[in-house]
Amino acid sequence: MAIVAGLGLGLGLAFLNENFIGGFTSDQQFEAVLNVPVISSVPLLSRAGRSITERSQVANELLDHPLTAYSESIRRIRLGLENMLRRKLQDKSREGGLIVMVGSAIPGEGKTTTAIAIARAFAMSGKRVLLVDCDLRRPSIAPSLELTPESGLADYLTLSLDSQSIRQFVTKDKVPGLDMIVGKNTHRTSTDSLIETAQFNLLMELAKERFEIIVLDTPPILPVVDAQYLATRADIVTLVVHWASTSQRDVRSAINDLRTTAGDDLPIAAVLSKAELGVGSYRNKYNSYYYYAPES
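Residues numbered from 1 in each chain as written. Predicted model: local features only at pLDDT ≥ 70, side-chain atom pairs only at ≥ 80, totals over all residues. Heavy atoms only, no water.

S.K.: What is the right way to look at the overall build of the chain in this model?
M.R.: Secondary structure summary: the chain contains 13 helices and 10 strands in total. For the chain, the residues scored as buried account for 49% of the 296 residues in total. Of all intrachain contacts in the chain linking residues separated by at least 6 positions in sequence, the fraction that spans at least 24 positions is 79%. About 14,800 Å² of surface is accessible on the chain, with carbon and sulfur atoms providing 52% of the total. (Helix = DSSP H or I, 4+ residues; strand = E, 2+ residues; numbered from the N terminus. Buried < 20%, exposed > 50% of the residue type's maximum accessible area, 1.4 Å probe, protein only. Contact = heavy atoms within 4.5 Å. Areas by Shrake-Rupley, 256 points an atom, 1.4 Å probe, with all protein chains shown as cover.)

S.K.: Sorry, what's going on with the pattern of salt bridges here?
M.R.: It is possible for side chains of opposite charge to pair when their charged atoms get near one another. In this structure the tally under the stated criterion is nine salt bridges. Between Arg75 and Glu72 there is a salt bridge, with its nearest N and O atoms 3.0 Å apart. Taken together, the residues Arg75 and Glu72, both in helix H5 (residues 69-89) and three residues apart, mark about one turn of the helix. On the accessibility criterion, Arg75 (24% relative accessible area) is partly exposed. By relative accessible area, which is 21% here, Glu72 ends up partly exposed. Among the salt bridges present, the one from Lys88 reaches Asp235, with a minimum N-O distance of 3.9 Å. (Salt bridge = Lys/Arg side-chain N within 4 Å of Asp/Glu carboxyl O.)

S.K.: Would you mind going over the layout of surface pockets with me for this structure?
M.R.: Regions of empty space are outlined by a rolling probe, equal in size to a water molecule, passed over the atoms. Taken as a whole, the largest pocket encloses approximately 720 Å³ of empty space. Looking at the lining of the largest pocket, the elements with two or more residues in it are strand E1 (38-43), helix H3 (55-59), helix H6 (111-124), helix H7 (141-144) and strand E10 (268-275). Considering each element in turn, the lining of the largest pocket owes the most residues, four residues, to H6. Per-class residue counts for the lining of the largest pocket are 15 nonpolar, 11 polar and seven charged. (1 Å grid on protein atoms, 1.4 Å probe; cavity = no way out; pocket = protein on both sides within 12 Å on 5 of 7 lines; lining within 4 Å. Points joined across faces, edges and corners; volume = space filled by probe spheres on them. Nonpolar A, V, L, I, M, F, W, Y, C, P; charged D, E, K, R; others polar.)

Shown next, in the form of structure tokens:
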């Protein structure tokens with residue numbers, strides 16, 4: 001009886017960890033638990049067996065090393081978003097650019113570097129893209145790209161400017177076709193009211209007129225409400241989840257918050273970031289042959 005009880009307790013704990021408590025370690029687990037598609041698993045970036053965590057290196061990986069497994073996973077994200085947006089809009093008449101929100105449940109998920117990579121992937125495919133750092137409290141795009149902007153999004157939102165004056169807040173990326181509006185200063189006051197201003201509405205309308213893809217890097221969903229307001233403007237949400245780290249409870253709460261604010265018809269696509277994919281992973285089996293193969 002003790003053996004049976006111990007076995008039952010072990011199975012029960014394993015079930016709880018797999019479906020309610022522990023982090024997500026596979027696409028299949030995530031989709032089975034939350035019924036949200038995973039469009040890519042982004043591997044933990046490493047060189048010669050050493051993990052790379054410097055944000056500037058991660059942000060530039062797609063440009064500096066376009067044939068690595070990391071870069072291929074970013075292209076998978078772009079393809080997944082394109083497919084989901086195509087299905088969403090196939091029966092609807094829609095004019096103007098599409099808004100892709102990139103968010104996460106909590107800080108430290110790799111959201112900002114993923115947003116930069118997504119924007120660059122779309123621009124490299126020939127799209128006109130605008131990347132906006134909407135995390136007004138802790139803007140991260142400029143530091144990740146080692147930029148020192150003279151002004152930021154918060155400056156634009158607190159001034160009364162016309163459509164022509166917006167140009168002074170736009171930064172050109174090294175990738176042709178990608179423009180950015182980044183943040184400059186950290187704000188310790190409430191910022192959700194700035195996102196609801198006429199100035200931000202004007203920015204979004206102008207962006208949809210001039211760009212095909214608008215990528216919004218938003219604050220984490222659970223700590224502050226800004227991301228929920230931004231979700232109501234999005235055509236699709238890319239939810240970045242730290243592989244095997246972020247609790248299922250936090251991810252479930254973030255998805256529920258998005259659904260409550262933006263509605264059940266808002267498409268959500270998950271990305272597992274910083275994934276430690278083992279040698280048994282089928283996507284890693286051919287890395288040495290394909291991604292790093294010598295030119296023939």
